[in-house]
Amino acid sequence: MPTLNWLIQESNLNNIRLITGENHILQEIKSVNVLDNPDVLKWFKQNELVLTTGYCFKDNPTLQRQMIKDMCEIGCAALAIKTKRFFRQIPDAIIDEAKNLDFPIIELPYFYSFSEISQMIFQQIYKEQNLQVEREQHFLSNFMQQILNHEPISTSLQQIAHFFATPVLLIDINCSLIASAFPYKYKDINEDNLHSLTDFLSLQISKNIIDNFCKINEQNYSLQTFSLYNQAGYLCFLYKKTSFSPIPTSKFLQNIIQLLTFACVQNKTLNTNYNSNSTFFLHFLVHHKQNNIEEIKKLCSFYGFDYQKEWICLTISLQNILEKNKSLFLLNLDKCLKDLSLEHCTIFTCFNNNLFCIYFLFPPTYHRLQALHQVQNYSLKLKNKFNEQSIFIGISACHKKITNISRAFEESLKALQYQQQINDFQPGSYLHQIPLHLLNQSSSNLLIHNILQPLLDFDQQNNTELIHTLKIYFSCNYNASQAAKILYLHRNTMLNRLEKIKEILQTDFNNSDENILIYLSLSALNL
């Protein structure tokens with residue numbers, strides 16, 4: 001992307017000056033917009049260069065300062081002001097506020113039109129985007145050739161490190177370092193420094209922590225991790241904390257991970273301990289979504305997946321099971337499946353070292369709710385069977401159409417990941433979680449503020465646990481006796497707590513709409 005430095009020093013535009021924000025001279029410009037009315041601020045975007053004559057705020061220092069604050073908060077690249085139209089020079093209020101916020105202000109000469117400036121910037125953006133596409137295509141071509149030539153994984157990693165100009169790591173499912181590579185002339189750390197990262201990697205991946213930093217040679221680093229397509233390991237990018245800029249999940253990166261996964265399988269770099277063709281079936285259907293229906297039909301026919309039926313996918317996470325115990329766990333799971341007796345249902349399994357998927361196949365005429373209830377009941381039996389082991393289970397909705405085989409898996413995985421997020425070992429159903437998946441930070445905060453805040457305040461001021469009591473009460477389907485048993489309370493104590501909760505929240509739990517809002521608010525606390 002073009003930068004402010006390119007605009008000022010390297011473009012064909014002359015007499016452009018950077019007045020403030022020298023520290024941001026390498027700030028990228030991703031788009032251009034024009035400020036001709038204060039109301040247009042709502043449409044500004046991050047990394048956007050804003051052009052203006054200043055007419056809309058020329059006689060209002062207060063508005064001038066506020067607009068600088070707003071653009072800084074949005075993350076605009078800079079404000080470029082044309083002089084000798086409505087200003088002989090840029091107002092002091094703008095410069096003072098920009099200096100305080102370290103926000104770039106650019107002085108534009110009057111003889112350039114905004115369309116001329118915009119056209120030049122967009123041409124540079126398109127030019128660099130095309131060059132980037134060419135670089136990516138050239139990289140993928142060389143990368144694939146290396147893999148076809150059976151070159152070592154270390155060579156492939158070296159190419160990735162050079163292209164992204166950052167250290168890269170290949171780790172297995174147990175978060176142990178398999179291989180690493182560094183860009184040219186990178187001397188800050190070496191491979192020996194990386195072997196101590198196992199615990200940090202395990203925490204970051206299992207808890208899905210993004211902003212957690214580790215220390216190497218007295219410097220803070222962050223890791224960005226991507227699962228390999230066969231779920232047998234991870235590709236990680238290592239950044240210094242001061243220069244942390246996550247790599248976007250693009251088609252280009254997905255191609256790299258796909259090729260790297262193929263290379264690992266080809267070279268047997270990451271052994272999964274379980275040699276099963278069903279691993280390939282899972283990998284193919286989940287990650288090859290662009291294949292035509294005929295190709296998928298051939299694959300299903302080869303592995304015995306009856307795509308003419310309807311299906312529900314149940315996925316079990318194997319991450320928390322020790323490697324030495326996995327064989328025994330899978331034997332017990334296989335026995336449970338053989339003992340399974342579901343009406344009008346056959347099963348299809350596919351798994352790898354990290355996930356075990358069970359597709360429950362029902363006739364198209366079978367009642368879908370009944371099918372869901374049967375699968376949910378079976379998942380509870382599994383949970384009770386392996387109660388001593390910390391396994392997470394996710395269940396999809398019921399699907400048909402051959403193109404939805406991978407969608408069912410994705411839904412079960414989302415349900416499983418939500419259970420991991422809230423650390424709940426009860427089986428999770430994607431259908432029941434749909435409202436929760438729609439929650440974002442803004443709506444979560446709004447729900448909590450409007451519904452639960454009085455109760456949160458009461459707990460904090462009185463050192464009580466009414467929020468926890470309410471959670472258990474809702475999880476027990478409003479059964480006070482069952483909730484009291486879980487909380488080790490006398491039933492009368494439980495009833496007294498509920499009366500206090502009703503008083504604080506101004507509700508009696510008889511309004512279904514309010515109950516939904518309370519349930520969503522309690523869920524928002526876990527997000």
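Residues numbered from 1 in each chain as written. Predicted model: local features only at pLDDT ≥ 70, side-chain atom pairs only at ≥ 80, totals over all residues. Heavy atoms only, no water.

**A look at helix H8 (residues 251-267)**
- Its 17 residues give H8 an end-to-end C-alpha distance of 24 Å, which sits within 8% of 24 Å, the value for a rise of 1.5 Å per residue.
- Among all positions in H8, only Phe252, Leu253, Ile256, Ile257, Leu259, Leu260, Thr261, Ala263 and Cys264 are buried.
- Elements that come into contact with the buried residues of H8 comprise helix H4 (114-148), helix H5 (153-164), strand S6 (168-172), strand S9 (219-227) and strand S10 (233-240).
- Lys268 sits one or two positions beyond H8 and adopts a positive phi of about 55 degrees. (Helix = DSSP H or I, 4+ residues; strand = E, 2+ residues; numbered from the N terminus. Expected span 1.5 Å × (residues − 1). Buried < 20%, exposed > 50% of the residue type's maximum accessible area, 1.4 Å probe, protein only. Contact = heavy atoms within 4.5 Å.)

**A look at the sheet that holds S10**
- What the five strands build is an open sheet, ordered S7-S6-S10-S9-S8; its pairing is antiparallel. Strands at the two margins of the open sheet, each flanked by one partner only, are strand S7 (177-181) and strand S8 (214-216). For this sheet, the mean inter-axis angle between neighbouring strands, taken without regard to orientation, is 35 degrees.
- Here S6 runs beside S10; their pairing, made up of five bridges, is antiparallel. Residue pairing for S10: Leu169 is matched across the bridge by Cys236. (Pairing = 2+ DSSP bridges. Axes fitted to C-alpha atoms, helices over the stretch in contact; angles between N-to-C directions.)

**Here we look at the pattern of salt bridges**
- Applying the stated rule across the entire model yields 11 salt bridges.
- One salt bridge connects Glu411 with Arg407, and the closest N-O pair in it is separated by 3.3 Å. Within this pair, Glu411 and its partner Arg407 are both found in helix H13 (residues 405-421), separated by four residues, close to a single helical turn.
- The class of Arg407 is partly exposed, set by a relative accessible area of 44%. (Salt bridge = Lys/Arg side-chain N within 4 Å of Asp/Glu carboxyl O.)

**Topic: the packing of helix H11 (residues 323-338) against helix H12 (residues 368-385)**
- Between H11 and H12, the shortest axis-to-axis distance is 12 Å and the interhelical angle comes to 145 degrees. Seen along the crossing, H11 lies across H12 with a hand that is right-handed. Between H11 and H12, the contacting residues are Leu333, Cys336 and Leu337 on the first element and Tyr378, Leu382 and Lys385 on the second.
- The class makeup of the residues in the contact of H11 with H12 is five nonpolar, no polar and one charged. (Left-handed = near helix turned anticlockwise from the far one by under 90°. Nonpolar A, V, L, I, M, F, W, Y, C, P; charged D, E, K, R; others polar.)

**Let's talk about the packing of aromatic side chains**
- In total, this model carries 25 aromatic pairs according to the counting rule given.
- With 4.6 Å between their ring centres and 45 degrees between their planes, Phe329 and Phe386 make a pair best called tilted. Within this pair, whereas Phe329 is found in helix H11, its partner Phe386 is found in the loop between H12 and strand S14 (393-395), the two being separated by 57 residues in sequence.
- Owing to a relative accessible area of 5%, Phe386 belongs among the buried residues under this scheme.
- Aromatic pair Phe351 and Phe356: ring centres 5.2 Å apart, planes at 10 degrees, arrangement stacked.
- Given a relative accessible area of 5%, Phe356 falls into the buried group.
- Following the ring pairs from residue to residue traces out a cluster consisting of Phe139, Phe143, Phe163, Phe164, Phe226, Phe237 and Phe252.
- Here Lys82 stacks its cationic end above the ring of Phe114, 4.6 Å away from the centre of that ring.
- Sitting over the ring of Phe163, Arg135 keeps its end group 4.4 Å from the ring centre. (Phe/Tyr/Trp six-rings, centres within 6.5 Å; stacked < 30°, edge-to-face > 60°. Lys NZ or Arg CZ within 6 Å of the ring centre and 35° of its normal.)

**Some thoughts on the side chain of Ser429**
- Assignment of secondary structure puts Ser429 in strand S15 (residues 428-429).
- Reaching out from Ser429, the side chain makes a polar contact with the side chain of His432 at a distance of 2.9 Å.
- When neighbours within four sequence positions are excluded, Ser429 is seen to be in contact with Gln376, Ile395 and Ala415. (Polar contact = N/O pair within 3.5 Å; in protein donor to acceptor, adjacent residues only side chain to side chain.)

**Quick look at unusual backbone geometry**
- Residues other than glycine seldom take positive phi values, yet Tyr478 does so here, at roughly 65 degrees.
- Its location among the elements puts Tyr478 in the loop between helix H16 (466-475) and helix H17 (480-486).
- Of note in the backbone geometry, Phe509 takes a positive phi value of approximately 65 degrees without being a glycine.
- Among the secondary structure elements, Phe509 is positioned in the loop between helix H18 (491-505) and helix H19 (512-526).
- We classify Phe509 as buried; its relative accessible area is 9%.

**Side note on the side chain of Asp459**
- Relative to the helices and strands, Asp459 is located in helix H15 (residues 441-462).
- Sequence-distant contacts of Asp459, that is, excluding residues within four places in its chain, are made with Thr464, Glu465, Leu466 and Ile467.

**Re the pairing of S6**
- Counting buried residues in S6 gives five out of five residues, a clear majority hidden from the surface.
- Side chains of S6 alternate between two faces, with Val168, Leu170 and Asp172 and Leu169 and Ile171 buried alike.
- Judged from the four bridges that link them, S6 and S7 form a sheet pairing that is antiparallel. Bridging from a neighbouring strand, Leu170 pairs with Ala179 of S7.

**Brief notes about the sheet that holds strand S12 (residues 346-351)**
- Taken in spatial order, the five strands line up as S12-S13-S11-S14-S15 in an open sheet, and their pairing is mixed. Two strands lie at the open edges of the sheet, namely S12 and S15, each paired on one side alone.
- Contacts between H11 and the sheet are confined to strand S11 (310-317), S12 and strand S13 (355-362), with S13 contributing the most and set at about 5 degrees to the helix.

**Re the environment of Met494**
- Mapped onto the elements, Met494 comes out in helix H18.
- Taking relative accessible area as the criterion, Met494 reaches 0% and is therefore assigned buried.
- Taking C-alpha positions, Met494 is 7.9 Å from Ser481, a pair spaced 13 residues apart along the chain.
- Once you skip the residues sitting within four places of it in the chain, Met494 turns out to touch Thr469, Tyr473, Ala480, Ala483, Ala484, Leu487 and Leu489.

**A closer look at the environment of Pro363**
- With respect to the element layout, Pro363 can be found in the loop between S13 and H12.
- For Pro363, a relative accessible area of 25% corresponds to the partly exposed category.
- Along the backbone, Pro363 and His344 are 19 residues apart, and their C-alpha atoms lie at a distance of 7.1 Å.

**Re helix H14 (residues 430-438)**
- Within H14 the residues assigned to the buried category are Tyr430, Gln433 and Leu436. Buried positions in H14, seen along its axis, are confined to an arc of 100 degrees and lie on one side of it. (Arc of directions from axis to C-beta.)

**Structural notes on the confidence of the model for the chain**
- Per-residue pLDDT for the chain averages 84, and the proportion of residues at 70 or more is 90%.
- When the criterion is pLDDT under 50, residues 272-277 qualifies, and its contacts beyond four places in sequence or with other chains add up to 12 contacts. (pLDDT = per-residue confidence, 0-100.)

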